[in-house]
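Descriptive analysis of the structure
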Amino acid sequence: MKIDLTVAAIPAFLGAMAAEYAWQRAHPVAPGTRAGDYQLADTVASLSMGIGSLAAPYVARRLLDPITPGVGRHGRTLLAVGAATAVLTTVGDVVRRRVRDGRLPDPQTVPPQVREVQEELADIRQGPAARPSDRGSAQPMLRRTHGALAISAVASTALVTSTTWAALTGGKVLFARSPLDLGRGRWAALAAVLGWDFIYYWNHRLSHESRWMWAVHSVHHSSERYNLSTALRQPVAEGVTLTVPYGLLALAGVRPALIEQARGINLIYQFWIHTEAIQRLGWVEKVFNTPSHHRVHHGSNRDYLDRNHGSILILWDRLFGTFEEEDEPVVYGLTANIDTYNPLRIATHEWRDIAADVATSDTWHDRWSSLLRRPGWAYARRAAAGVA
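Figured I'd write up the structure that's included with this text. (Residues numbered from 1 in each chain as written. Predicted model: local features only at pLDDT ≥ 70, side-chain atom pairs only at ≥ 80, totals over all residues. Heavy atoms only, no water.)

**Some points on the overall build of the protein**
Keep this limit in mind: Only DSSP runs of H or I covering at least 4 residues are called helices, and only runs of E covering at least 2 are called strands; the numbering of each starts at the N terminus. Burial here depends on accessible area, computed with a 1.4 Å probe over protein chains only, as a share of the maximum for the residue type. Under 20% is buried, over 50% is exposed, and the range in between is partly exposed. When checking whether two residues touch, look at their non-hydrogen atoms; a contact exists if any pair is within 4.5 Å. Here, Shrake-Rupley sampling with a 1.4 Å probe gives the accessible areas, and only protein chains in the shown set may cover a residue.
Looking only at helices and strands, one finds 17 helices and 0 strands in the protein. Every one of the 388 residues in the protein was classed for burial, and the buried ones make up 41%. Intrachain contacts of the protein at a sequence separation of at least 6 include 71% that bridge at least 24 residues. Just so you have it, the protein exposes about 20500 Å², and 63% of that area is on carbon and sulfur atoms.

In structure tokens form, the structure reads like this:
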């Protein structure tokens, strides 16, 4: 059984963290003036999420395979749940709009059971026993029910899409369909590393430009500190999102084993760039990603947002217009920090916000926009609605 390169590198990770901590002790600064200093609760949160990210693929496979259409026996059930809740949500949308506009259809023009639902959603009570307090207590419940249906519809559809996409674009699946085979020599290994790095750039960039992917990736940006432990603060929900598939390398003839090795090399490279102990590196920064470049990426400064997405090579950012030099002190963390060291809250905070936005949306356009468009679109919409 082959060992994951990132697992094999764990002793080196821990040793490097100890060396960084020793460097900090040898170069003290005033408390609170160096964001790279270790803080116990923050470090524990990062390490626990690193451990969780190692277990996540195995747990995700056990949970997601049964509900993947064409793979698991519950795939059709998930499809049915998504379709049913989408229909019910749409009915609720129509009724809410008509109630808001004051134009419910005539009772004689719709079946009694449909009218009953309409009356409940409109909070209409027939008969003299109806009281204002009854109406007031029913409306929030109906809104919550409608919101829950909308969340279920969006979540079910997203799960079906992501699991099916992953099943169809896996390296083994696509390599079996490819007429090419680059073998296992040095050129094949180089193609795997460079190809992974190129695809990683686009996935990393999309992780900042689509809220669905940002919900996964924001975990890595959630710390307000920047040291080697931050590199280990990895997401645990990568199995429930869409990415540019690394399996495309298999179509080009790269064997799945080499693709997996390229993944490990890519992640290991990214570890050392999460530090404030290393400053500028001269000509190296023209080609490679460095701590200086990656500090910019982790900054919440306006000029640093969504910049320097590269992993090993910074050439992709220079080529595609997302490069930014480090020229002002970096403020680390999210644009709206979550102020918690709880790994569960760190992992789920953006998903919870997405669910809240989907539940309070009145149209499918807004629901899907809350999931798929830039994070800033949803944040601006919430601010306009006066929601914190």
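Let us keep going from here.
**Notes on the packing of helix α3 (residues 40–64) against helix α15 (residues 343–360)**
The line we're drawing: For helices, the fitted line uses only the C-alpha atoms of the stretch in contact; every axis is such a line through C-alpha atoms, and the angle between N-to-C directions lies from 0 to 180 degrees. Roughly parallel refers to an angle under 35 degrees, roughly antiparallel to one over 145, roughly perpendicular to one between 65 and 115, and oblique to any angle outside these ranges.
Contact geometry of α3 with α15 gives a least axis separation of 9 Å together with a crossing angle of 70°. The angle between α3 and α15 places the two elements in the roughly perpendicular class. Taking contact as the criterion, the partners of Ala45, Ser48 and Met49 in α3 are, on α15, Pro343, Ile346 and Ala347.

**Quick notes on the side chain of Arg34**
What counts is decided by this rule: What qualifies as a polar contact is a pair of N or O atoms within 3.5 Å, subject to a donor-acceptor requirement within protein and to the restriction that residues adjacent in sequence count only when both atoms come from side chains.
Tracing the backbone through its elements, the reader meets Arg34 in the loop between α2 (10–26) and α3. Within polar-contact distance, the side chain of Arg34 engages the side chain of Asp37 at 2.7 Å. Residues in contact with Arg34, not counting those within four places in the same chain, are Trp23, Gln24, His27, Pro28, Val29, Arg225 and Glu276.

**With respect to the side chain of His309**
Within the secondary structure, His309 sits in the loop between α13 (291–297) and α14 (315–320). His309 gets classed as buried once you look at its relative accessible area, which sits at 1%. Polar contacts involving the side chain of His309 include one to the main-chain carbonyl oxygen of Asp306, which spans 3.1 Å. Once you skip the residues sitting within four places of it in the chain, His309 turns out to touch Tyr200, Tyr201, His204, Arg205, His208, His297, Asp317 and Thr322.

**Topic: the environment of Ile273**
Tracing the chain through its elements places Ile273 in the loop between α11 (256–271) and α12 (284–287). A relative accessible area of 0% places Ile273 in the buried class. A C-alpha to C-alpha distance of 8.0 Å links Ile273 and Arg295, two positions 22 residues apart in sequence. Residues contacting Ile273, with those up to four places away along its chain left out, are Tyr226, Asn289, Thr290, Pro291, His294 and Ser311.

**A closer look at the pattern of salt bridges**
Rules: A pair is scored as a salt bridge if a Lys or Arg side-chain nitrogen falls within 4 Å of a carboxyl oxygen belonging to Asp or Glu.
Inspection of every chain in the model, using the stated rule, returns 17 salt bridges. The salt bridge partner of Arg34 is Asp37, with a shortest N-O separation of 2.7 Å. With respect to burial, Arg34 and Asp37 carry one shared label: buried. One salt bridge in this structure joins Arg307 and Glu324, with 3.9 Å as the shortest N-O distance. Within this pair, whereas Arg307 is found in the loop between α13 and α14, its partner Glu324 is found in the loop between α14 and α15, the two being separated by 17 residues in sequence.

**Quick notes on the packing of aromatic side chains**
Stated precisely, the cut-off is as follows: Only centres within 6.5 Å qualify two rings of Phe, Tyr or Trp (six-membered ring in Trp) as a pair; their planes then separate them into stacked at under 30 degrees, edge-to-face at over 60, and tilted for everything else.
Counted under the stated rule, the structure contains 10 aromatic pairs. An angle of 80° between the planes, with centres 6.1 Å apart, marks the rings of Tyr21 and Tyr38 as edge-to-face. Taken together, the residues Tyr21 in helix α2 and Tyr38 in the loop between α2 and α3 connect sequence positions 17 residues apart. We classify Tyr21 as partly exposed; its relative accessible area is 39%. For the pair Tyr226 and Tyr332, a centre-to-centre distance of 4.8 Å together with 0° between the ring planes defines the contact as stacked. One end of the pair, Tyr226, is in the loop between α9 (211–217) and α10 (248–251); the other, Tyr332, is in the loop between α14 and α15, with 106 residues separating them in the sequence. Residue Tyr226 is classed as buried on the basis of its relative accessible area of 0%.

**A word on unusual backbone geometry**
Of note, Asp306 is a non-glycine position whose phi angle comes to about 60°, a positive value. Within the secondary structure, Asp306 is located in the loop between α13 and α14.

**A look at the nonpolar core**
Rule in force here: In this text, buried Ala, Val, Leu, Ile, Met, Phe, Trp, Tyr and Cys residues form a nonpolar core when linked through side-chain atoms within 4.5 Å.
In this structure, Ala192, Trp196, Tyr246, Leu249, Val254, Leu258 and Ile259 are the most contacted members of the largest nonpolar core, which totals 13 residues. Listed by contribution, the elements that provide at least two residues to this core are α8 (186–209), α10 and α11. Ranked by the residues each element gives to this core, the list is headed by α8, at 5 residues. If near-sequence neighbours (up to four positions away) are discounted, Ile259 is found in contact with Trp196, Tyr246, Leu249, Ala250 and Val254.

**Focus on the environment of Asp4**
Mapped onto the fold, Asp4 is located in the segment before α1 (5–8). Sequence-distant contacts of Asp4, defined by excluding residues within four places in its chain, comprise Glu260 and Arg263. For Asp4, the side chain forms a polar contact with the side chain of Thr6, separated by 2.6 Å. A distance of 3.2 Å separates the side chain of Asp4 from the side chain of Arg263, its partner in a polar contact.

**Brief notes about the environment of Ala252**
Examined against the element boundaries, Ala252 turns out to sit in the loop between α10 and α11. For Ala252, a relative accessible area of 39% corresponds to the partly exposed category. For the pair Ala252 and Leu182, spaced 70 residues apart in sequence, the C-alpha separation works out to 8.1 Å. Those residues within four positions of Ala252 in sequence are excluded, and the remaining contacts are Leu180 and Leu182.

**Regarding α3**
The condition that has to hold: Each residue after the first adds 1.5 Å to the expected span of a helix. Bend angle per residue: angle between axes fitted to the 7 residues ending at that residue and the 7 residues starting there.
The terminal C-alpha atoms of α3, which comprises 25 residues, lie 34 Å apart, in line with the 36 Å expected from a rise of 1.5 Å per residue. Along its length, α3 reaches its greatest deviation from straightness, about 40°, at Ala55, and the proline Pro57 lies no more than four positions downstream. Where α3 is concerned, the buried positions are Asp42, Thr43, Ala45, Ser46, Met49, Gly50, Ser53, Ala56 and Leu64.

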